[in-house]
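Spelled out, the chains give:
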Amino acid sequence: MDKNLYGSKKDGRGSMKIDVALSTSYLKQEDIHNKTVIVIDTLRTGSTIITALHKGAAKIIPVETIGQALHYFHHEDTYLCGERFCKKVNGFDLGSSPFNLLSLDTHNKTLIITSTNGTKAILKARKASHLLVGCLLNAQHCIEHALNLKKDITLLCAGSRGEFALEDGLTAGYMLHLLKQFKENLQLTDLAQMLRIGYEENKEMLNTLVQTGSTALRLLETDQEDDLHYCLQMNSVPLTGIYQGEEIVALK
Ligand SMILES: O=C(O)[C@H](CS(=O)(=O)O)OP(=O)(O)O
């Protein structure tokens, strides 16, 4: 790919700054203000949102609490999706399983989604200039769109219960690797460099490494292995989710 496709210092647009927040606990106001934020939640909310949009869902509305989701209970053409600590919320149509979503007719439907980490991260970053939803399924598409937006970029790893999660860090590392491939003169923070190097040094073992992380182990313990394999299908979905006016829609 031509490294100058998205502009460079030489064309007078200045160099973009790229930073990472390791989990929602580390996210500061300055990471959001006037930035494009990519919320990364590979296991599983990000992958669920991207899969739903790929299957023709009209929009996804992320909410923080189960109570807020129930507010939409009787709305037509709406599915309630949600999990707490990997388990489907009682009475909801779906948990946060992208694999189970594949057999649901989501065409033109609205999904209301609440999850342990992913929806919290999205809502915490919602004041960003642009908020994109990314995961391994759409990593390349997401990065190409983020570069087109021509703002400094924060990669926000949703993590797990406020802590860093390995699969989100490796996804961020892969996105940083792509950024460096697509554009010259980027300013990566030391942390961003570290994650990029971590990915590049281990890319042959990406799937194995993800499966050693605590989220993957929880999915295995709760017999949700199908999700794990599904979410590892790198760049299989050519779209990105963008948060606009309290809902996430497809950016193709
Ligand atoms: O159910 C999931 O996929 C995870 C649960 S856990 O807290 O990481 O165990 O939540 P998510 O909000 O999708 O990261």
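Just so you know, these numbers come straight off a predicted model, no measurement behind them.

Let's talk about the pattern of salt bridges
One pass over the full model with this rule turns up 3 salt bridges. For Arg196, the salt bridge goes to Glu200, with nearest N and O atoms at 2.8 Å. Of this pair, Arg196 and Glu200 both sit in helix α8 (residues 190-202), 4 residues apart, which is roughly one turn of the helix.

Details of the environment of Ser47
By secondary structure assignment, the location of Ser47 is in helix α2 (residues 45-54). Note: C-alpha distance between Ser47 and Cys135 (88 residues apart in sequence) is 6.0 Å. In contact with Ser47, other than residues within four places in its own chain, are Asp41, Thr42, Pro98, Cys135, Leu137 and Cys231. Engagement of the side chain of Ser47 in a polar contact is seen with the backbone oxygen of Thr42, the distance being 2.7 Å.

With respect to the site of the ligand
Around the ligand, a shell composed of 14 residues is seen, among which Arg44, Thr45, Asn117, Gly118 and Arg218 lie nearest. At a separation of 2.7 Å, an oxygen atom of the ligand approaches a polar side-chain atom of Thr45. A distance of 2.8 Å separates an oxygen atom of the ligand from a polar atom in the backbone of Asn117. Burial of the ligand by the surrounding chains reaches 100%, relative to a free accessible area of 370 Å². Among the residues making up the shell around the ligand, the classes are represented as 2 nonpolar, 7 polar and 5 charged.

Focus: the nonpolar core
Core analysis: the largest hydrophobic core is formed by 73 residues, its most contacted members being Ile38, Ile60, Leu155 and Leu176. Ranked by residues supplied to this core, first place goes to helix α7 (residues 166-182) with 8 residues. Counting residues in each nonpolar core, the second largest holds 8 residues, with Ile61, Ala69, Val89 and Ile112 among its members.

Some points on the packing of helix α6 (residues 139-148) against α7
The interhelical angle for the contact between α6 and α7, taken along N-to-C directions, is 50°, at an axis separation of 10 Å. Looking at the two axes, α6 sits oblique to α7. Of the two possible hands of crossing, α6 and α7 adopt the one that is right-handed. Along the contact surface, α6 presents Ala139, Gln140, Cys142, Ile143, Glu144 and Leu147, while α7 presents Tyr174, Met175, Leu178, Leu179 and Phe182. Tallied by class, residues from the contact of α6 with α7 come to 9 nonpolar, 1 polar and 1 charged.

Considering the side chain of Thr42
Within the secondary structure layout, Thr42 lies in the loop between β2 (36-40) and α2. Overall, Thr42 belongs to the buried group, its relative accessible area being 1%. A distance of 2.8 Å separates a polar atom in the side chain of Thr42 from a polar atom in the side chain of Thr171. Once you skip the residues sitting within four places of it in the chain, Thr42 turns out to touch Ser47, Cys135, Leu136, Glu167, Asp168, Thr171 and Cys231.

Observations concerning the packing of α7 against α8
Two elements in contact, α7 and α8, have axes separated by 7 Å at closest approach and are oriented at 95°. For the element pair α7 / α8, the angle class is roughly perpendicular. Residues Gly169, Leu170, Ala172, Gly173, Tyr174, Leu176, His177 and Lys180 of α7 pack against Ala192, Leu195, Arg196, Tyr199 and Glu200 of α8. Taken together, the residues of the contact of α7 with α8 sort by class into 7 nonpolar, 3 polar and 3 charged.

Regarding α6
α6 sits mainly inside the fold: 7 of its 10 residues count as buried. Against the buried residues of α6 lie β2, β7 (130-134), β8 (153-157), α7, β10 (240-244) and β11 (247-251). Lys150 lies just past α6 and shows a positive phi near 55°.

The rules behind each value
- Residues numbered from 1 in each chain as written.
- Predicted model: local features only at pLDDT ≥ 70, side-chain atom pairs only at ≥ 80, totals over all residues.
- Heavy atoms only, no water.
- Salt bridge = Lys/Arg side-chain N within 4 Å of Asp/Glu carboxyl O.
- Helix = DSSP H or I, 4+ residues; strand = E, 2+ residues; numbered from the N terminus.
- Contact = heavy atoms within 4.5 Å.
- Polar contact = N/O pair within 3.5 Å; in protein donor to acceptor, adjacent residues only side chain to side chain.
- Near = heavy atom within 4 Å.
- Areas by Shrake-Rupley, 256 points an atom, 1.4 Å probe, with all protein chains shown as cover.
- Nonpolar A, V, L, I, M, F, W, Y, C, P; charged D, E, K, R; others polar.
- Core = buried A, V, L, I, M, F, W, Y, C linked by side-chain atoms within 4.5 Å.
- Buried < 20%, exposed > 50% of the residue type's maximum accessible area, 1.4 Å probe, protein only.
- Axes fitted to C-alpha atoms, helices over the stretch in contact; angles between N-to-C directions.
- Parallel < 35°, antiparallel > 145°, perpendicular 65-115°, else oblique.
- Left-handed = near helix turned anticlockwise from the far one by under 90°.

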